[in-house]
Amino acid sequence: MQTRKLYHYCGPVTMLGRLVSSNWAGTTLAASPQKARSNLEYQFKRQMGFIPSVRITLVGNLKEQ
């Protein structure tokens, strides 16, 4: 079993190259940075009411805590 780490993101979010949020923050537990980014993207979509297939991008870097 892989150990999960806490990841934090605070920064801009874009959708199709357009700024959707200038300063969104979220945290998640994940086994890898790639999975953490995926989890955070899903969290953002749920909070904003977007459908899961919408393509968004977390522009900044994840911070491992």
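These notes cover the structure that comes with them. Predicted model, so just to flag it, every value in this text is computed and none were measured. (Residues numbered from 1 in each chain as written. Predicted model: local features only at pLDDT ≥ 70, side-chain atom pairs only at ≥ 80, totals over all residues. Heavy atoms only, no water.)

### Side note on the side chain of T28
Here comes step 1: The residue T28 is located in strand 2 (residues 18–30) in this model.
Here comes step 2: In this structure T28 comes out as buried when scored by relative accessible area, which is 10%.
Here comes step 3: A distance of 3.4 Å separates polar atoms of two side chains, one belonging to T28 and the other to N39.
Here comes step 4: Excluding its chain neighbours within four sequence positions, the residues that come into contact with T28 are K5, L6, Y7, A36, N39, L40 and Q43. (Helix = DSSP H or I, 4+ residues; strand = E, 2+ residues; numbered from the N terminus. Buried < 20%, exposed > 50% of the residue type's maximum accessible area, 1.4 Å probe, protein only. Polar contact = N/O pair within 3.5 Å; in protein donor to acceptor, adjacent residues only side chain to side chain. Contact = heavy atoms within 4.5 Å.)

### Let's talk about unusual backbone geometry
Across residues other than glycine, the phi torsion is negative in most instances, and most of the peptide bonds are trans.
Here comes step 1: In the Ramachandran plot, L16 falls in the positive-phi region, its phi being about 55 degrees despite a non-glycine side chain.
Here comes step 2: Overall, L16 belongs to the exposed group, its relative accessible area being 75%.

Purely geometric stuff here, so don't read any function into it on its own.
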